[in-house]
Structure formats: structure tokens, C-alpha cells
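Below are the chains, spelled out letter by letter.
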Amino acid sequence: MYTLVIGNKNYSSWSLRAWLLLTQFDIEFEELRLRLNDDEFEQNIRHYSPSGLVPVLISGDLRIWDSLAISEYIAEQHPELNCWPKKTAARAVARSISSEMHSGFSQIRTCLPMNCRRKKPAAAISPELADEIERVRDIWSSCRREYARNGEFLFGGFSIADAMYAPVVLRFDSYGIEVGAMEAEYMETMRSLPSLQAWISAARAETEIIEAYED
Ligand SMILES: N[C@@H](CCC(=O)N[C@@H](CS)C(=O)NCC(=O)O)C(=O)O
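If you're wondering where the values come from, they're calculated on a predicted model, not measured in any experiment.

Reading the values: rules and limits
Residues numbered from 1 in each chain as written. Predicted model: local features only at pLDDT ≥ 70, side-chain atom pairs only at ≥ 80, totals over all residues. Heavy atoms only, no water. Helix = DSSP H or I, 4+ residues; strand = E, 2+ residues; numbered from the N terminus. Expected span 1.5 Å × (residues − 1). Buried < 20%, exposed > 50% of the residue type's maximum accessible area, 1.4 Å probe, protein only. Arc of directions from axis to C-beta. Contact = heavy atoms within 4.5 Å. Domains from an automatic or database assignment. Buried area = accessible area lost by both parts, 1.4 Å probe. Salt bridge = Lys/Arg side-chain N within 4 Å of Asp/Glu carboxyl O. Polar contact = N/O pair within 3.5 Å; in protein donor to acceptor, adjacent residues only side chain to side chain. Pairing = 2+ DSSP bridges. Axes fitted to C-alpha atoms, helices over the stretch in contact; angles between N-to-C directions. Near = heavy atom within 4 Å. Areas by Shrake-Rupley, 256 points an atom, 1.4 Å probe, with all protein chains shown as cover. Nonpolar A, V, L, I, M, F, W, Y, C, P; charged D, E, K, R; others polar.

Q: Whenever I open this one, helix α4 (residues 88-103) confuses me. Can you help?
A: Side chains of residues three or four places apart in an α-helix project in the same direction, reflecting 3.6 residues per turn. Taking 1.5 Å as the rise per residue, α4 with 16 residues should run 22 Å; its terminal C-alpha atoms sit 22 Å apart, in good agreement. Among all positions in α4, only Ala90, Ala94, Ile97, Ser98 and Met101 are buried. Taken around the axis of α4, the buried residues stretch over an arc of 100°, which confines them to a single face. Of the residues in α4, the exposed ones pointing more than 90 degrees away from the buried face are Thr88, Ala89 and Ser103. On its buried face, α4 sits against α1 (13-24), α3 (67-77), α5 (106-111), α6 (127-147) and α7 (160-174). Trailing α4 by a residue or two, Phe105 shows a phi angle of about 55°, which is positive.

Q: What exactly am I supposed to notice about the domain arrangement of the chain here?
A: Size of an interface: often given as the accessible area lost when the parts come together. Taken as a whole, the chain is organised into domain 1 (2-81) and domain 2 (88-198). Centre-to-centre separation of domain 1 and domain 2, based on C-alpha positions: 21 Å. Listed by partner, the interface residues are 20 residues for domain 1 and 24 residues for domain 2. For the pair domain 1 and domain 2, the two sides together bury roughly 1,900 Å², of which 65% comes from carbon and sulfur. Linking domain 1 with domain 2 are one salt bridge. Among the ionic pairs, Arg95 bridges to Glu72, the shortest N-O distance being 3.1 Å. On inspection of domain 1 and its partner domain 2, the count reaches eight residue pairs in polar contact (both at pLDDT 80 or more).

Q: In this structure, what is going on with the sheet that holds strand β2 (residues 29-33)? I would like to understand it.
A: By way of backbone hydrogen bonds, the strands of a sheet pair with one another, either parallel or antiparallel. Spatially, four strands are ordered β2-β1-β3-β4 in an open sheet, and the strand pairing comes out mixed. Among the strands making up the open sheet, the edge pair consists of β2 and β4 (62-64). Recorded for the sheet is a direction-independent mean angle of 20° between the axes of neighbouring strands. The pairing of strand β1 (residues 2-6) with strand β3 (residues 56-59) spans three bridges and is classified as antiparallel. Its bridge partner being in β3, Leu4 is matched across the sheet by Leu57. Of the strands in this sheet, β1, β3 and β4 touch α3, which is tilted by about 35° from β3.

Q: Honestly, unusual backbone geometry in this entry has me stumped. Any pointers?
A: Where the residue is not glycine, phi is negative for most of them; where a peptide bond is considered, it is trans in most cases. The amide bond that connects Val54 to the next residue, Pro55, takes the cis arrangement and shows omega of 5°. Within the chain, Asp26 stands out as a residue other than glycine whose phi angle is a positive 55°. We note that Asn82 has phi near 50°; this positive angle belongs to a residue other than glycine. Position of Asn82 among the secondary structure elements: in the loop between α3 and α4. The exposure class of Asn82 is partly exposed, given its relative accessible area of 32%.

Q: How should I be thinking about the site of the ligand in this particular structure?
A: The ligand sits among Ser12, Ser13, Trp14, Leu36, Phe41, Leu53, Val54, Pro55, Asp66, Ser67 and His102. One of the side-chain nitrogen or oxygen atoms of Asp66 is found 3.0 Å away from a nitrogen atom of the ligand. Here an oxygen atom of the ligand sits 3.0 Å away from a polar atom, N or O, in the side chain of His102. Burial of the ligand by the protein amounts to 73% of the accessible area it has alone, namely 520 Å². Tallied by class, the residues present in the shell around the ligand amount to six nonpolar, four polar and one charged.

Q: Can you help me understand the pairing of β3 in this one?
A: Looking along a regular strand, one sees side chains alternate from face to face of the sheet. Burial along β3 is two-sided: Val56 and Ile58 and Leu57 and Ser59, pointing in opposite directions, are all buried. Judged from the three bridges that link them, β3 and β4 form a sheet pairing that is antiparallel. Residue pairing for β4: Ser59 is matched across the bridge by Leu62. The antiparallel pairing of β3 with β4 creates a hairpin that spans two residues between the two strands, and Gly60 there sits at a positive phi of about 65°.

Laid out in C-alpha cells, this is it:
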């Protein structure tokens, strides 16, 4: 049985990625939520996470403290689930876009922080932010064009790549980012997942406010 240590559901986009992956693939886990920006977090996080960051997956004596590392570990432990696409070429592209998400998109992260309670257009979109939004749209539409025949997600069936982009779907929704028909359809598919709905409801029920992530 795994334990997944996460931050506030309203704000912690990296936690959402790992949580959604486990939940979508029906992998049993216990959830341990620590409040970000709180003394409790500072006092407890090093007990679980050598990096001081969430998410952390605890599997027996092992701690895995990064969303992409957690994803790879889960994919290795449960090969029958095909957490990555089955075909080599699709898997290579899925890994590329997941790594691109993990190491890039600094403007989206900084200017559009995840906040599931928020529903208001972004105040301003700089050219740099617009470029990153365009790049995400391009990734989503090209994946959908290529893999639509296999299912509704980026590579047909739900994969780690969808978990990596889930917080971006929520951000585009919260900040009223305009997208084309193909990307809107993908966003709707993601938003209607019962797992993501459950995360959003729990996020909205949280009472902590972190000013840095609010307007
Ligand atoms: N590269 C890490 C990023 C993790 C991360 O930045 N987590 C944030 C919450 S979303 C955190 O733990 N922040 C706590 C802090 O900075 O004190 C991953 O992929 O898991």
C-alpha cells in the first residue's frame, strides 16, 4: 500500500499530477495532506521528503519525491496498466511532452498559478506567456489529431502525459484562456473525469488562503 504526501488541493499542481495518476489507474493509496506555507509543513515535510517538496510517494522504506519520478516508478511497478502509451513512438512523444511540462512553461506556472477556486480572466497576457499558451495548444491539438482514433485523451487512453497536463487544463479554465475547438474538447474530457471533479470539490472545500497564489 502506498502513501502519497500532497499539499493543498487548491494550490498544489505537482501534487495533483501524482494523485490523478494513482486515482485514474485505481491504485490504492493513503493520502496525507500537509498545508503549504504553514509551520506544520516546515516541521513535518523533511520527515517525508528529502527535497522539502511535495508530492512524495512512500512505498515501504522507499521515498520518491518528484512527480515525474513517482510516475516512472508507478509505471514500472504496474506494467499491466500501461501508464505510458504501449507503442514505442507514442511513448517517446508522451515522455517528451511530459518532460517539457516538468522542466518548462515557467510563465504559465508563475503568471497563472493553479487555484481551483478562481474563475476570472487573466489580468494580462505577456508575449512570453502567450507563446507558452500557444505551445500547449499545439501539443494538445497535435496529439489529438494523431491519436483521436484510440480514445479521448492525448494518446488515446489516459496516460501519465494527461496527468502532467491536468493542472494546465484547470489553469486555462480558471483564467479564461482561449483555445481552439480541438483543445476545448480535450479540456472538457479532462474536466469531466470523476477523479478530477473529486479533486476540485475537495480543493474548493479547503479554507486555507495563500495570498501569493491569489490575485
Ligand atoms: N519538481 C517537483 C516540484 C514540486 C514542487 O514544487 N512542489 C511544491 C508544491 S506544488 C512544494 O512542495 N512547495 C513547498 C515549498 O516550496 O515550501 C515535482 O515535480 O514534484
